[in-house]
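Fold and contact review
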Amino acid sequence: MKTIHINEQFKEDWTRVLNHIANLFYEDSVIQIENDGADMTLAFEHSIDASFTIHTAAELLVDGQAFTSSYSIGYATEGTEKEQSIRMKRALSHVMLDVLEQYSGMTQQWGILTGVRPTKLYHKYRKAGKSDEEIATILKEDFRISDQKIALMKAIVERQIKVIPDLDELGREISIYIGVPFCPTMCAYCTFPAYAIQSNRKAGRVEKFIDGLHIELQEMGKWLTKKNMRITSIYWGGGTPTSIEAHEMDALYKTMFDAFPNPESIREITVEAGRPDTITPEKIEVLKKWGIDRISVNPQSYTQETLKAIGRHHTVEETIEKFWLSRNSGMNNINMDLIIGLPNEGIEEFQHSLEESAKMQPESLTVHTLSFKRASEMTRNKDKYKVADRDTVAQMMQMATDWTAANGYVPYYLYRQKNILGNLENVGYCKPSEESIYNIVIMEEVQTILGVGCGASSKFVHPETGKITQFHNPKDPAAYIMTFEDAIAKKIKILDEMYSS
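Now for a look at the structure at hand. Remember, it's a predicted structure, so these values are computed and weren't measured experimentally.

Overview of the overall build of the protein chain
What the protein chain contains, in helices and strands, is 16 helices and 18 strands. What you see for the protein chain is a C-alpha radius of gyration of 24 Å, in line with the 23 Å of a compact globule of 501 residues. If you line up the protein chain on its principal axes, its C-alpha atoms span 70 × 55 × 45 Å. Residues counted as buried form 55% of the 501 residues belonging to the protein chain. Seen as two clouds, the 56 positive and the 70 negative side-chain charges of the protein chain have centres 4 Å apart.

Comments concerning the environment of Gly239
Residue position: Gly239 is located in the loop between β9 (231-238) and α8 (246-259). Linking Gly239 and Asp389, residues 150 residues apart in sequence, is a C-alpha distance of 29 Å. When residues no more than four places from it in sequence are discounted, the contact partners of Gly239 are Val180, Pro181, Phe182, Cys183, Phe192, Pro193 and Ala194.

With respect to the sheet that holds strand β3 (residues 40-48)
Taken in spatial order, the five strands line up as β2-β1-β3-β4-β5 in an open sheet, and their pairing is mixed. Strand pairing shows two members of the sheet lacking a second neighbour, β2 (30-32) and β5 (65-74), which therefore form its edges. Shown here is a sheet whose adjacent strand axes are inclined to one another by a mean of 20°, direction ignored. The pairing of strand β1 (residues 3-6) with β2 spans three bridges and is classified as parallel. Paired with His5 across the two strands is Gln32, which belongs to β2.

A closer look at the side chain of Ser243
Summarising the element assignment, Ser243 is placed in the loop between β9 and α8. A distance of 3.1 Å separates a polar atom in the side chain of Ser243 from the backbone oxygen of Phe182. Those residues in contact with Ser243 that sit more than four places away from it in its chain are Phe182, Cys183, Pro184, Ile197, Thr278 and Lys283.

Things to note about the packing of aromatic side chains
Enumeration over the complete set of coordinates arrives at 16 aromatic pairs. Where Trp223 meets Tyr499, the ring centres are 5.8 Å apart and the plane angle is 65°; that geometry is what we call edge-to-face. Of the two residues, Trp223 is situated in helix α7 (residues 205-226) and Tyr499 in the segment after α16 (477-498); the sequence distance between them amounts to 276 residues. Like Trp223, the residue Tyr499 is buried in the burial classification. Taking the centre distance of 5.6 Å and the plane angle of 25° together, the rings of Tyr480 and Phe484 count as stacked. Residue Tyr480 and its partner Phe484 are located together in helix α16, separated by four residues, close to a single helical turn. In this pair, the class of Tyr480 matches that of Phe484, namely buried. Sitting over the ring of Tyr75, Arg87 keeps its end group 3.9 Å from the ring centre. Above the ring of Tyr409, the side-chain terminus of Lys431 is found at 4.3 Å from the ring centroid.

With respect to the pairing of β1
Neither face of β1 is open: one carries Thr3 and His5, the other Ile4 and Ile6, and all of them are buried. Since β1 and β2 lie parallel, the crossover through helix α1 (residues 12-23) that links them has a hand, and here it is right-handed.

Here we look at α7
Helix length check: α7 (22 residues) gives 32 Å between terminal C-alpha atoms against 32 Å at 1.5 Å per residue, within 8%. Regarding α7, the residues found buried are Val206, Phe209, Ile210, Gly212, Leu213, His214, Glu216, Leu217, Met220, Gly221, Trp223 and Leu224.

Looking at the nonpolar core
Counting residues in each nonpolar core, the largest one holds 127 residues, and the members touching the most others are Phe44, Met96, Leu213, Ile234 and Trp236. When neighbours within four sequence positions are excluded, Phe44 is seen to be in contact with Ile6, Asn7, Phe10, Leu18, Ala57, Ala58, Leu92, Val95 and Met96. Counting residues in each nonpolar core, the second largest holds 18 residues, with Tyr235, Tyr412, Val441 and Ala456 among its members.

Cut-offs applied
Residues numbered from 1 in each chain as written. Predicted model: local features only at pLDDT ≥ 70, side-chain atom pairs only at ≥ 80, totals over all residues. Heavy atoms only, no water. Helix = DSSP H or I, 4+ residues; strand = E, 2+ residues; numbered from the N terminus. Rg over C-alpha atoms; globule rule 2.2 N^0.38 Å. Buried < 20%, exposed > 50% of the residue type's maximum accessible area, 1.4 Å probe, protein only. Lys, Arg positive; Asp, Glu negative; His and termini not counted. Charge placed at Lys NZ, Arg CZ, Asp CG, Glu CD. Contact = heavy atoms within 4.5 Å. Pairing = 2+ DSSP bridges. Axes fitted to C-alpha atoms, helices over the stretch in contact; angles between N-to-C directions. Polar contact = N/O pair within 3.5 Å; in protein donor to acceptor, adjacent residues only side chain to side chain. Phe/Tyr/Trp six-rings, centres within 6.5 Å; stacked < 30°, edge-to-face > 60°. Lys NZ or Arg CZ within 6 Å of the ring centre and 35° of its normal. Right-handed = clockwise from strand over helix to strand, strands pointing away. Expected span 1.5 Å × (residues − 1). Core = buried A, V, L, I, M, F, W, Y, C linked by side-chain atoms within 4.5 Å.

As structure tokens, this is what we get:
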């Protein structure tokens with residue numbers, strides 16, 4: 001941990017952004033106005049001149065050394081008060097990153113970006129009419145992003161437009177996320193709504209949740225039908241939605257298809273079957289009955305000791321067995337997830353995971369970098385979980401990049417998280433033409449994602465203005481059972497206001 005003294009009391013949101021920059025270099029850094037006990041001092045200067053040009057400078061004093069940086073950027077208009085604040089935060093981040101890179105010797109490949117959706121920034125400039133060359137210059141000079149990451153962003157954006165030619169016009173359609181909050185066990189790194197199904201089954205919460213979900217599907221379906229909405233994609237997530245029984249899945253899918261309008265125009269339906277220990281021949285037959293062939297079978301790792309350490313109670317052999325069961329039963333679009341940086345894993349273990357993946361050649365492979373999520377068991381007990389260092393994690397990511405290219409995969413979406421190892425990213429790769437539409441639209445925020453079920457988040461994107469409004473269903477099954485009817489009414493009110501025309 002590092003304590004950084006700054007020479008000025010900034011607004012809270014400015015300080016928070018600077019804290020994010022510091023955390024790229026030092027875990028759990030502290031920024032304070034007091035000088036007592038500080039490891040380093042950072043003095044800022046900042047101003048805006050009459051031509052709307054922002055000027056910033058920073059001097060870092062540490063260990064008897066001084067590191068300096070200055071930066072200026074001009075704007076065509078004065079901008080709103082909010083825009084001015086965003087511009088200044090960005091300019092201060094620019095010089096802070098520069099002096100910390102000088103001192104530490106580290107280079108942050110993502111520059112000053114700490115947000116979740118880097119490619120959304122690329123799309124913003126694309127839609128403003130800028131060329132790829134102009135976008136690259138902006139990303140490099142003003143955001144300090146490396147050439148390698150800019151090339152990755154460009155490749156992903158090009159792939160997304162090829163897969164969804166009408167990406168910029170999807171705002172009048174809607175996608176739907178359906179959350180089933182149960183898993184066999186809770187993984188140590190997870191903060192998703194995921195509750196042990198057996199104990200909740202005994203308490204009667206599983207059946208009551210499913211009853212409520214049927215009602216929510218029906219009521220939301222009534223609104224969708226009234227508006228004759230076209231549904232782009234549907235994603236069953238959680239938790240693990242294949243944790244419930246086959247007959248329960250079957251009944252829910254029937255309700256979904258009965259309730260939702262224009263089923264023939266739905267481009268994609270995905271069921272997250274991520275835990276191999278939930279997949280059975282009976283459940284696969286239910287998926288096939290309803291024409292669903294896009295699922296996930298997620299190994300995360302092919303090292304048994306790792307699976308045990310992170311709380312996944314299936315075996316490596318079961319992952320392989322369930323993949324081939326799914327494939328041979330007619331599942332034609334299977335995603336698998338791998339996580340870089342899991343406890344006690346290094347180059348050798350990740351190489352083994354890639355070699356096992358090569359034997360199966362799933363249609364898509366999502367490569368995650370471990371993130372210490374605030375509420376996870378792993379974060380609460382960090383001392384128990386030894387993870388790879390920054391250089392090793394970066395090498396593993398490069399291994400994934402090389403392996404996917406060699407095996408005919410292309411990157412088609414990415415996202416980042418706070419406290420992600422090595423300040424890296426999560427990248428979705430796929431065989432060409434096997435891209436997940438849902439993953440693209442949720443990451444680029446081009447349309448409303450209506451959340452249904454326990455822990456489901458709705459992200460309402462206004463079809464004209466692009467303004468985003470969020471609404472969260474309760475994460476806890478007991479709370480969902482008590483309040484889902486209120487949630488239905490609140491979501492319908494937001495939808496009515498957005499689609500009043």
